[in-house]
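Report on the structure
Each chain is listed here by its residues.
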Amino acid sequence: MLRPWLPHIALVATVLTASAETIEPDSLYRVALDRPLRDMVYHLRISPDRYDDINLSLYWNYADSSNYCRADISIPAVTAVDNTDAAPVDCRLYRTTASGETLPGSYSDVVTYSRGRDAAFSLVLTADSGGARLAFGDRHTVAGTSIPFDLSTPTALGFKSDRRAALITHTLLTRSAEPRQKYTGEVDATADDKLSGLWCYLDRDSDPEKVVGGIDYDIAIVADADGTYKIVYQGADAGNWHKGDIKGRLVPTGFENHYDLEWVDMSGYPHKSDTSADLLLDGSILRLNFPLLDTTIRLRRK
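Residues numbered from 1 in each chain as written. Predicted model: local features only at pLDDT ≥ 70, side-chain atom pairs only at ≥ 80, totals over all residues. Heavy atoms only, no water.

1. Remarks on the pairing of strand 9 (residues 121-128)
Our working definition: Each residue's exposure class comes from its accessible area (1.4 Å probe, protein chains only) as a fraction of the maximum for that residue type: buried when under 20%, exposed when over 50%, partly exposed otherwise. Here a helix means four or more residues in a row that DSSP labels H or I, a strand means two or more in a row labelled E, and each is numbered from the N terminus. Pairs of strands are assigned from DSSP output, requiring at least two bridges between the strands.
With six of eight residues buried, strand 9 is to be regarded as a mostly interior element. Across seven bridges, strand 4 (residues 37-47) lies against strand 9 in antiparallel orientation. Following the sheet pairing, Arg-45 is matched in strand 9 by Ser-122. Of the pairings in the sheet, the one linking strand 9 to strand 10 (residues 131-137) comprises seven bridges and is antiparallel in character.

Written out as structure tokens, the structure is:
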């Protein structure tokens, strides 16, 4: 029988699998995520009951019993699909906090099953810097729906069923993000330095196939004693980013106004290979270069 806490060892890339287990009714089975993640895929495959629906709850960002997100899904019985070739599936999304429970959304689709003992119902939760999705279906999930998911906060995933059920597959794949660093010092907007100070977004040239979304690019550049510079996020909370988070680092090179760049993306992954920055137009423009992503970002003095 599954344990209420399922094992998960968080490495740079981690896979957790379990199969041929029995889900006991009204037991919450959880997987601890003990560090920030860059991305993850969580897959449950359950054998549907022949005659009765199974009401399954899937939990994520589970901090405790009063702080989590949840999807309630009714898994159709095999006979429901046998009679009509397809059965409707309803999914309701909930957010629970200390203030109470809200219903931010719902989603509906249909499911068909393979005949006989091969019948299966799959749930797949995926999350990365571009967002998160929950999909369900038989052995091949449908497109699914967008859901909120916080990759930066270590919490837990979990599931619970109202009936005894056979768990065919339970798989978790994660890639850990580097721990987010915070800058707690003062930002001097009038520093006598051609690079230090406050900068804001001007424009960008990017490949939409390689770069998805974006954030409020208000940053501060702070000089360190060793001659390098911290890049400190100064915008509004966006995704996993909060004011004071260290967004990267600039290191002077032997060429005037040209710097090696380390840039931490929305998932916490640091881009260091072939990344650079240039001061242009007498220090009024800062250009960030990401050639492997076919992307440049320009910032202006604020």
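2. Some remarks on the side chain of Arg-70
We count it as follows: Contacts are assigned to residue pairs that have any heavy atoms within 4.5 Å of one another.
Looking at the secondary structure, you find Arg-70 in strand 6 (residues 67-75). Excluding residues within four positions of it along the chain, Arg-70 makes contact with Ser-57, Leu-58, Tyr-59, Trp-60, Arg-92, Leu-93, Tyr-94, Thr-96 and Glu-101.

3. Let's talk about the nonpolar core
Where we set the bar: What we call a nonpolar core is a set of buried Ala, Val, Leu, Ile, Met, Phe, Trp, Tyr and Cys residues that are connected through their side-chain atoms within 4.5 Å.
Residues Met-40, Tyr-42, Trp-60 and Leu-134 are the most contacted members of the largest nonpolar core, which totals 42 residues. Per element, the largest residue contribution to this core is five residues, and it comes from strand 4. For Tyr-42, the residues in contact, after removing those within four places along its chain, are Val-31, Leu-58, Leu-123, Val-124, Leu-125, Leu-157, Phe-159, His-170, Thr-171 and Leu-172. Formed by 18 residues, the second largest nonpolar core is a distinct cluster that contains Leu-195, Trp-199, Leu-261 and Phe-290.

4. Overview of the packing of aromatic side chains
This is how it is decided: Classification of ring pairs uses Phe, Tyr and Trp, with its six-membered ring standing for Trp, and accepts pairs whose centres are within 6.5 Å; under 30 degrees between planes counts as stacked, over 60 as edge-to-face, and the remaining range as tilted. Counting as a charge over the ring demands two things of the Lys NZ or Arg CZ atom: a distance within 6 Å of the ring centre and an angle within 35 degrees of the ring normal.
On inspection of all chains with the given rule, the structure shows eight aromatic pairs. Arranged with centres 6.0 Å apart and planes meeting at 20°, the rings of Phe-121 and Phe-136 form a pair that is stacked. Taken together, the residues span a long stretch of sequence, with Phe-121 in strand 9 and Phe-136 in strand 10 at a distance of 15 residues. Taking the centre distance of 6.3 Å and the plane angle of 90° together, the rings of Tyr-229 and Tyr-259 count as edge-to-face. Note that Tyr-229 is positioned in strand 16 (residues 229-233) and Tyr-259 in strand 18 (residues 258-264), a separation of 30 residues in sequence. Residue classification places Tyr-229 among the buried residues on the basis of a relative accessible area of 10%. Take Tyr-259: its relative accessible area is 5%, and that puts it in the buried class. The rings of Tyr-59, Tyr-62 and Tyr-68 are connected pair by pair, giving a single aromatic cluster. One Lys or Arg, Arg-70, reaches over the ring of Tyr-94 and ends 4.3 Å from the middle of that ring.

5. Details of the confidence of the model for the protein
What counts, and what does not: Summary of the metric used: pLDDT quantifies the predictor's per-residue confidence within the range 0 to 100.
Across the protein, pLDDT averages 82, with 85% of residues at or above 70. By mean pLDDT, strand 1 (residues 5-6) is the weakest element of the protein at 42, and strand 20 (residues 276-280) is the strongest at 95. Confidence over residues 1-19 falls short of pLDDT 50; this stretch has 60 contacts with residues more than four positions distant or in other chains.

6. Comments concerning the side chain of Ser-57
How we decide: Any pair of nitrogen or oxygen atoms within 3.5 Å is treated as a polar contact; in protein, a donor-acceptor pairing is required on top of that, and neighbouring residues in sequence qualify only through side-chain atoms on both sides.
Inspection of the secondary structure assignment puts Ser-57 in strand 5 (residues 54-64). Judged by relative accessible area, which is 13%, Ser-57 ranks as buried. Looking at Ser-57, its side chain comes within polar contact range of the side chain of Asp-72, at 2.7 Å. Ignoring any residue separated from it by four or fewer positions in sequence, one finds Ser-57 in contact with Arg-70, Ala-71, Asp-72, Gly-158, Phe-159 and Lys-160.

7. A few points about the environment of Tyr-113
You can see Tyr-113 is positioned in the loop between strand 8 (100-111) and strand 9. Distance in space between the C-alpha atoms of Tyr-113 and Val-78 is 7.1 Å, their sequence separation being 35 residues.

8. Digging into the pairing of strand 18
Pairing geometry for strand 17 (residues 246-252) and strand 18, over five bridges, is antiparallel. Looking at the pairing, Gly-248 lines up with Trp-263 of strand 18. As consecutive antiparallel partners, strand 17 and strand 18 are separated by five residues, and within that stretch Asn-257 has a phi angle of approximately 65°, a positive value. As paired strands, strand 18 and strand 20 are joined by three bridges and run antiparallel to one another. Bridge assignment links His-258 to a residue of strand 20, and that residue is Asp-278. As paired strands, strand 18 and strand 19 (residues 270-271) are joined by two bridges and run antiparallel to one another. For Val-264, the partnering residue across the bridge sits in strand 19 and is Pro-270.

9. Here's the deal with the environment of Lys-243
Among the structural elements, Lys-243 can be located in the loop between strand 16 and strand 17. Residues Lys-243 and Lys-182 lie 61 residues apart in sequence; the distance between their C-alpha atoms is 8.8 Å. Beyond its immediate sequence surroundings of up to four residues, Lys-243 is in contact with Lys-182, Tyr-233, Gln-234, Gly-235 and Asp-237.

10. Overview of the environment of Arg-133
As for its position among the elements, Arg-133 is in strand 10. Between the alpha carbons of Arg-133 and Gly-144 there is a distance of 6.5 Å; along the sequence they are 11 residues apart. Within the local environment of Arg-133, its side chain forms a polar contact with the side chain of Ser-146, the two groups lying 3.0 Å apart.

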